[in-house]
Amino acid sequence: RKEVEQDPGPFNVPEGATVAFNCTYSNSASQSFFWYRQDCRKEPKLLMSVYSSGNEDGRFTAQLNRASQYISLLIRDSKLSDSATYLCAVNGVTGNTPLVFGKGTRLSVIA
Amino acid sequence: DTEVTQTPKHLVMGMTNKKSLKCEQHMGHRAMYWYKQKAKKPPELMFVYSYEKLSINESVPSRFSPECPNSSLLNLHLHALQPEDSALYLCASSQGPYIDRGQETQYFGPGTRLLVL
């Protein structure tokens, strides 16, 4: 099983739709979880950190399920500007591992 | 302010050239990272510096040589690269080393797009 796995998509959704991405991780000792957004030919930008069960920031909600070892990102009321690749990243404290990135999920929001 | 700067933005070099990529942050972060990213792939970790000391080298070929002159600067020296080394090179920093929970959130610079001919 790969360390961090994501559905690569692409997800093509209409404006206003709700879309959810999942990311599974293999290291049960992982403590910190992140969602990054990356636009084409740009650097990853931190979208949300997920340290406990989850958190919400406007239209974005991130959740963590430790029992099933996955994190999710929910985007409500999608905007055209949400079109990007969404990368999940997991940090494993045990073993002193830095961030491990998933391959990213491509989202296209269509007018 | 979560700003990491990188220069140059673009670089074209021949296989016999020597060049350097530079990264700077003034957030007081004590960990800095170099990543390589190919198109449609996630960032791939190359090196980690923690408190100005190299703590991780992910089996990167010796034609890539990192340097951390001080806590704000990180360089990547390039020599005798191959065309397959063409990629986006990203620098990142975090408040503390990756083992310090709550301090390991990484912030990325805009990257240097490298083309090796």
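Just above, that's the structure.
What counts, and where the lines are drawn
Residues numbered from 1 in each chain as written. Chains lettered and ligands numbered in written order. Predicted model: local features only at pLDDT ≥ 70, side-chain atom pairs only at ≥ 80, totals over all residues. Heavy atoms only, no water. Helix = DSSP H or I, 4+ residues; strand = E, 2+ residues; numbered from the N terminus. Buried < 20%, exposed > 50% of the residue type's maximum accessible area, 1.4 Å probe, protein only. Contact = heavy atoms within 4.5 Å. Areas by Shrake-Rupley, 256 points an atom, 1.4 Å probe, with all protein chains shown as cover. Phe/Tyr/Trp six-rings, centres within 6.5 Å; stacked < 30°, edge-to-face > 60°. Pairing = 2+ DSSP bridges. Salt bridge = Lys/Arg side-chain N within 4 Å of Asp/Glu carboxyl O. Axes fitted to C-alpha atoms, helices over the stretch in contact; angles between N-to-C directions.

### So, the overall build of chain A
Secondary structure assignment for chain A yields zero helices and eleven strands. The order of α-helices and β-strands along chain A, N terminus first, is β-β-β-β-β-β-β-β-β-β-β. Across the 111 residues that make up chain A, the buried fraction comes to 45%. The contacts of chain A with a sequence gap of at least 6 include a subset with a gap of at least 24, amounting to 56%. Split by element, the accessible area of chain A, about 5200 Å² in all, is 49% carbon and sulfur.

### Quick look at the environment of valine 100 of chain A
Residues and elements named next belong to chain A. Within the secondary structure layout, valine 100 lies in strand β10 (residues 97-101). In this structure the C-alpha to C-alpha distance between valine 100 and valine 4, which are 96 residues apart in sequence, comes to 6.9 Å. For valine 100, the residues in contact, after removing those within four places along its chain, are Glu3, Val4, Cys88, Ala89 and Val90.

### Description of the packing of aromatic side chains
All names here are of chain A. By the definition in use, this model includes eleven aromatic pairs over all chains. Measuring from centroid to centroid gives 5.2 Å for phenylalanine 11 and phenylalanine 21, while their planes differ by 85°, and the two rings are edge-to-face. Remark: phenylalanine 21 occurs in strand β3 (residues 19-25) and phenylalanine 11 occurs in strand β2 (residues 11-14); sequence separation between them is ten residues. By relative accessible area, phenylalanine 11 is classed as partly exposed at 22%. You can call phenylalanine 21 buried: its relative accessible area is 2%.

### What about the pairing of β3 of chain A?
Residue and element names in this part refer to chain A. In β3, alternate side chains face the same way, and those of Val19, Phe21, Cys23 and Tyr25 are buried while those of Ala20, Asn22 and Thr24 on the opposite face are not. Pairing between strand β1 (residues 4-6) and β3: three bridges, direction antiparallel. Along β3, the bridge assignment pairs glutamate 5 with threonine 24. Here six bridges tie β3 to strand β8 (residues 70-75), and the two strands are oriented antiparallel to one another. Considered in β8, the bridge of threonine 24 is made with tyrosine 70.

### Quick look at the pattern of salt bridges
Using the criterion set out here, one finds eight salt bridges over all chains in the structure. Close ionic contact of lysine 79 of chain A with aspartate 77 of chain A constitutes a salt bridge, the shortest N to O distance being 2.9 Å. Overall, lysine 79 of chain A belongs to the partly exposed group, its relative accessible area being 33%. Classification of aspartate 77 of chain A by relative accessible area gives partly exposed; the value is 36%. One salt bridge connects arginine 30 of chain B with glutamate 52 of chain B, and the closest N-O pair in it is separated by 3.3 Å. With arginine 30 of chain B in the loop between β3 (18-25) and β4 (31-37) and glutamate 52 of chain B in the loop between β5 (44-50) and β6 (53-57), the pair connects residues that are 22 residues apart, well separated along the chain. The network of salt bridges with common partners includes Lys36, Arg63 and Asp85 of chain B.

### Details of the sheet that holds strand β7 (residues 60-65) of chain A
Residue and element names in this part refer to chain A. The five strands lie next to each other as β1-β3-β8-β7-β6, forming an open sheet whose pairing is antiparallel. In this open sheet, the two strands that pair with only one neighbour each are β1 and β6 (54-57). The sheet shows a mean angle of 15° between the axes of neighbouring strands, direction not considered.

### Quick look at the sheet that holds strand β8 (residues 73-79) of chain B
Residues and elements named next belong to chain B. Ordered in space as β1-β3-β8-β7, the four strands form an open sheet in which the pairing is antiparallel. A single partner strand is all that each edge strand has here, and the edge strands are β1 (4-7) and β7 (64-70). Between one strand axis and the next, the sheet turns through 20° on average, direction left out of account. Strand direction decides the pairing type here: β3 and β8, joined by seven bridges, are antiparallel. Following the sheet pairing, lysine 19 is matched in β8 by leucine 78.

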